Amino acid sequence: MRLFVSEGAPGSLPVLAAAGRAQCRAELLISTVGPEECVVPFLTRPKVPVLQLDSGNYLFSTSAICRYFFLLSGWEQDDLTNQWLEWEATELQPALSAALYYLVVQGKKGEDVFSPVRRALTHIDHSLSRRSCPFLAGETESLADIVLWGALYPLLQDPAYLPEELGALHSWFQTLSSQEPCQRAAETVLKQQGVLALRPYLQKQPQPSSLEGRAVSNEPEEEELATLSEEEIAMAVAAWEKGLESLPPVQPQQNPVLPVAGERNVLITSALPYVNNVPHLGNIIGCVLSADVFARYSRLRQWNTLYLCGTDEYGTATETKAMEEGLTPQEICDKYHVIHADIYRWFNISFDIFGRTTTPQQTKITQDIFQRLVARGFVLQDTVEQLRCEHCARFLADRFVEGVCPFCGYEEARGDQCDKCGKLINAIELKKPQCKVCRSCPVVKSSQHLFLDLPKLGKPLEEWLEKTLPGSDWTPNARFIIRSWIRDGLKPRCITRDLKWGTPVPLVGFEDKVFYVWFDATIGYLSITANYTDQWEKWWKNPEQVSLYQFMAKDNVPFHGLVFPCSALGAEDNYTLVSHLIATEYLNYEDGKFSKSRGVGVFGDMAQDTGIPADIWRFYLLYIRPEGQDSAFSWTDMLLKNNSELLNNLGNFINRAGMFVSKFFGGFVPEMVLTSDDRRLLAHVTLELQHYHQLLEKVRIRDALRSILTISRHGNQYIQVNEPWKRIKGSEADRQRAGTVTGLAVNIAALLSIMLQPYMPTVSATIQAQLQLPPPACSILLTNFLCTLPAGHQIGTVSPLFQKLENDQIESLRQRFSGGQVRKLKTVPHPPTLEESLSLKAKASPKPAAVETMTTAGPQQIQVLMDEVTKQGNIVRELKAQKADKNQVAAEVAKLLDLKKQLALAEGKPLETPKGKKKK
């Protein structure tokens, strides 16, 4: 036999490893050939690896070659291995090819590479964990192990792409990688170049495109019904029969909530929203709603839980908004803090406190941390070159400037961070910078500033991360972001700004400066707690007894996972640091992004005017929560999920279960005589309940919601199969069977009401009121399914829980939130100067300035239009480069000209005369 392999060909890895296992059992010659060499005479294109058999036949499928070597070793085929090989070919390979292409050919890193394979790697990890076996098909290494190891090795050899939380996968991969045949295979194919050895091969492959549609799907995968053992069934029945007596006493609510020694103390924060913005649905699901689900779940587990949030009120963004609206920064903060609080109240967010950062406690705690950092040598002074707008006569803070990102070339990067590549930027590094207020080009001038010495804090940071990350529930994107920062090298970070609205710097020579908002904003969690209780240090200086969960979108990860921990570690005051950093990806709106100025998307203050209840919004946002990948809000999908999952599945089951009790048994739960099928159902519901707990303990909020809907589907199927409405009219045995089915169904409905509480608290309370669920059962959720409504329990009046969403209703809302033209006015007041806006004195009446047809828009509106002009310009250039149809190009050019006209009017500029031939 002769095996042909090629350096840099991924398929050569598993066949060499398989050959290494069989080499003592057959004569085998291994030849290394070039990637362009045609080995199989009847193939028109080069193909490796190839196995030429002694008979002269050829095998040129990687799996087929590996299978042949395993058969030589005496291996017997089995169905499970064949299933894994089919899965590897149809599911893993497309995802893995995309990840390797992004990494090697396009030079992408981190989440861009990991995202395509996340689901596949999780599937392998779950399979290994569930079977409690070291290998995919059992206790010994199989063909499936070698084929999957060979496919995954080029990517997973980099620890950055082998997440620590996938422990079973990690152990499996390390076990195989340490075997001599696998090590020799890796050395032969990759030649110590790592994954870069695959570049010549991958450059010849087509760019992956098919994954994109699958990656952003809002649909969960369906799972097969689990196989149950007799022991599992018996345990489920025993727990059921104990009923309410197995519930522990309900712990009274403390006020204030404080940690208790020996108990599980859970401190939960959601990222502080900028006070000057009305939050849209993406902001709500990314921070406050996700954190609220976990806080409510923690309370159901009787964990000692404090959930806090508040408005982030200092900094440039507030000054900008104040200038736009002609108010002082304090007036802006007061106005928008109320708006935020009202929105979160409507969404039923269960904060223990919703505070703000413009408080004396914020100043006191921030300055204390700063002074401790200064005393320990972690603060540097340096002269900083800054951008100064001569037209506005002031230094430009980060959010007053934008330009081209020096790292990725993104044309809309801010002066502090690029939203595309995620890197932090010093404003002077921007290419083609512009002042966001007047659009003039700023100049570079010097100013003295203070820096946090991150390189000096690097060692304690890494020691803390090494202790914290293993076994924690940091999301993969959070781990990637922090690792990439450390890998790229920590640099001193400026912590002061030339602003007036912020926390004052308590250092001689810096009295005219304030702290950079991202130095002191995360300290806001501490000061908000300090305003809640003077015993705040029991939460924030108690890392031994407090587990801190922080919820945010991924753009906030560097500040929570690195900047604040470095500040706290440097202060050396035993601060509680984040145990579990939970970061979402982004939620888009239909086919684009949310935009308040263009009226695109649903914002928090608009949701309550749609006529759709808050719990429906909560359900749908949590159903599409961007866990692991971006997702998109869709009106059509919202209608489908409401009408199918809520109305037809969950609502239908709970309503039928309650109605059967009322109609057939006079409102009293009937006697239940369990059959073997009933006991099996108890065990299936218990298993799904335990899965729900496992998921929520790992903060996999979206996946846990699926467990609720799965139990409801079990209930609906149970009712349909047993037909209690027919049996109630039959013999005594039939009537007894109808009673058992009804009693079990209404108890499942009671369980669902408790499981729903973190997700849909109002619906949960409604179900519990209708079923007259005993109060102790409403407040505690155990890991077993209990009989909480025993025979003889009287329920209340049952009524439908959900209403159908109609197509015309949804289409009307879609049109309403699809955006429109910028509002036209005839006059507009001049915006106040910064000094006028910051002044607390009474302001004089602004003088109107005549404008032809449109108001001079604020900086944010102008920026939105500039973004649209840039995007439309790119579309036109791409169409021209592709030599597209002239009519199509003309239509897009017309859109571009219209956008430019809107931008000119928004900036108060005279409209340009269209260029053309001069009249004679």
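Bear in mind the structure is a predicted one, so any value in this text is a computation, not a measurement.

Reading the values: the criteria
Residues numbered from 1 in each chain as written. Predicted model: local features only at pLDDT ≥ 70, side-chain atom pairs only at ≥ 80, totals over all residues. Heavy atoms only, no water. Pairing = 2+ DSSP bridges. Helix = DSSP H or I, 4+ residues; strand = E, 2+ residues; numbered from the N terminus. Salt bridge = Lys/Arg side-chain N within 4 Å of Asp/Glu carboxyl O. Buried < 20%, exposed > 50% of the residue type's maximum accessible area, 1.4 Å probe, protein only. Bend = angle between axes of the 7 residues up to and from the residue. Contact = heavy atoms within 4.5 Å. Axes fitted to C-alpha atoms, helices over the stretch in contact; angles between N-to-C directions. Parallel < 35°, antiparallel > 145°, perpendicular 65-115°, else oblique. Left-handed = near helix turned anticlockwise from the far one by under 90°. Nonpolar A, V, L, I, M, F, W, Y, C, P; charged D, E, K, R; others polar. Disulfide = S-S within 2.5 Å. pLDDT = per-residue confidence, 0-100. Phe/Tyr/Trp six-rings, centres within 6.5 Å; stacked < 30°, edge-to-face > 60°. Lys NZ or Arg CZ within 6 Å of the ring centre and 35° of its normal. Polar contact = N/O pair within 3.5 Å; in protein donor to acceptor, adjacent residues only side chain to side chain.

Peer 1: Got a sec to walk through the sheet that holds strand E11 (residues 413-414)? Specific residues and values, please.
Peer 2: The strand order E11-E10-E12 describes an open sheet built from three strands, whose pairing is antiparallel. Across the chains shown, the open sheet's two edge strands, defined by having one partner strand only, are E11 and strand E12 (431-435). Relative to E11, strand E10 (residues 401-404) is paired through two bridges, and the arrangement is antiparallel. Residue pairing for E11: Glu402 is matched across the bridge by Arg414.

Peer 1: Explain the sheet that holds strand E14 (residues 493-494) to me, and be specific about the residues and the numbers.
Peer 2: One open sheet holds the four strands; their spatial order is E9-E8-E13-E14, and the pairing between them is antiparallel. Each having just a single partner strand, strand E9 (394-395) and E14 make up the two edges of the open sheet. Two strands pair when backbone bridges link them, and strand E13 (residues 443-452) and E14 are joined in this way by two bridges, in the antiparallel orientation. Bridge pairing in E14 places Leu452 opposite Arg493.

Peer 1: Break down the pattern of salt bridges for me, with residues and values.
Peer 2: Counted under the stated rule, the structure contains 34 salt bridges. Note that Glu390 is salt-bridged to Lys445, the shortest N-O span being 3.2 Å. Separated by 55 residues along the polypeptide, Glu390 in the loop between strand E8 (379-389) and E9 and Lys445 in strand E13 bring together distant segments of the chain. The class for Lys445 is partly exposed, based on a relative accessible area of 39%. Across the pair Lys726 and Glu723 runs a salt bridge, and its minimum N-O distance is 3.3 Å.

Peer 1: Hey, could you go over the pairing of E13 for me, with residue numbers and the actual values?
Peer 2: Relative to E13, E8 runs antiparallel, the two sharing ten bridges. Considered in E13, the bridge of Val384 is made with Ser447.

Peer 1: Any details on helix H15 (residues 454-468)? Residues and values, ideally.
Peer 2: The largest bend along H15 reaches roughly 30° and is located at Pro460. Buried within H15 we find Leu454, Leu457, Gly458, Leu461, Trp464, Leu465 and Thr468. Looking at the buried residues of H15, the elements they touch are E13, helix H16 (476-488), E14 and helix H20 (557-571).

Peer 1: Go over unusual backbone geometry with me, naming the residues and quoting the values.
Peer 2: In this structure, the amide linkage connecting Asn255 to the following residue, Pro256, adopts the cis form with an omega of 0°. Its place among the elements puts Pro256 in the loop between helix H10 (230-242) and strand E5 (265-270). The phi dihedral of Glu572 falls on the positive side, at around 50°, and the residue is not glycine. Mapped onto the elements of the fold, Glu572 is located in the loop between H20 and strand E18 (580-584).

Peer 1: Tell me about the environment of Cys405, residues and numbers included.
Peer 2: Relative to the elements of secondary structure, Cys405 occurs in the loop between E10 and E11. The class for Cys405 is buried, based on a relative accessible area of 1%. Taking the C-alpha atoms as reference points, Cys405 and Lys423, separated by 18 residues in sequence, lie 9.0 Å from one another. Leave out the neighbours within four places in its chain, and Cys405 touches Tyr410, Ala413, Cys418, Cys421, Ile425 and Leu430.

Peer 1: Any chance you could break down the packing of helix H25 (residues 701-722) against helix H27 (residues 732-756) for me, citing the residues and the numbers?
Peer 2: Where H25 contacts H27, the two axes come as close as 10 Å, and the packing angle between them is 170°. When the interaxial angle is binned, H25 and H27 end up roughly antiparallel. H27 is crossed by H25, and the crossing has left-handed handedness. Residues Ile708, Ile711, Ser712, Tyr718, Ile719 and Asn722 of H25 lie in contact with H27, whose contacting residues are Arg737, Thr740, Val741, Leu744, Ala745, Ile748, Leu751, Leu752, Met755 and Leu756.

Peer 1: Please set out the packing of helix H22 (residues 614-623) against H25 residue by residue, giving values where relevant.
Peer 2: Contact geometry for H22 and H25: axes closest at 8 Å, N-to-C directions at 115°. Contacts from Phe619, Leu622 and Tyr623 of H22 reach H25 at Ile701, Arg702, Leu705 and Leu709. In the contact of H22 with H25, the residues fall into six nonpolar, no polar and one charged.

Peer 1: Residue-level account of the state of the cysteines, with values.
Peer 2: Per the counting criterion, the structure on display carries zero disulfides. Of all cysteine sulfurs in the structure, the one in Cys287 sits closest to Cys309, which takes part in no disulfide; the separation is 7.5 Å. This cysteine, Cys421, is not joined by any disulfide, and Cys418 carries the nearest cysteine sulfur, 3.8 Å off. Assessed through its relative accessible area of 33%, Cys421 is described here as partly exposed.

Peer 1: Explain the confidence of the model for the protein chain residue by residue, including any values.
Peer 2: Looking at the protein chain, the pLDDT average stands at 85 and 88% of residues meet or exceed 70. In the predicted structure, residues 210-224 sits below a pLDDT of 50 and forms 28 contacts with residues beyond four places in sequence or in another chain. Under a pLDDT of 50 for its full length, residues 821-857 has, in the predicted model, 62 contacts with residues more than four places off or in other chains.

Peer 1: Give a detailed account of the packing of aromatic side chains, specifying residues and quantitative values.
Peer 2: Here the structure, examined in full by the defined rule, presents 30 aromatic pairs. When the centroid spacing of 5.4 Å and the interplanar angle of 90° are considered together, the rings of Trp84 and Trp87 count as edge-to-face. Here Trp87 and Trp84 lie together in helix H3 (residues 79-105), a separation of three residues that amounts to about one turn. Every member of this aromatic cluster is reached through a ring pair, and the members are Phe294, Tyr297, Trp303, Tyr549, Phe551 and Tyr692. Sitting over the ring of Trp303, Arg264 keeps its end group 3.8 Å from the ring centre. The ring of Tyr516 has Arg497 lying over it, and the distance from NZ or CZ to the ring centre is 3.9 Å.

Peer 1: Now, about the side chain of Thr503: what can you tell me, with residues and values included?
Peer 2: Within the element layout of this structure, Thr503 appears in the loop between strand E15 (496-497) and strand E16 (514-515). Relative accessible area serves as the criterion here: at 0%, Thr503 is assigned to the buried category. Of the polar contacts made by the side chain of Thr503, one reaches the side chain of Asp520; its length is 2.6 Å. The residues contacting Thr503, other than those within four sequence positions of it, are Tyr314, Gln362, Thr363, Thr366, Gln367, Val514, Phe515 and Asp520.

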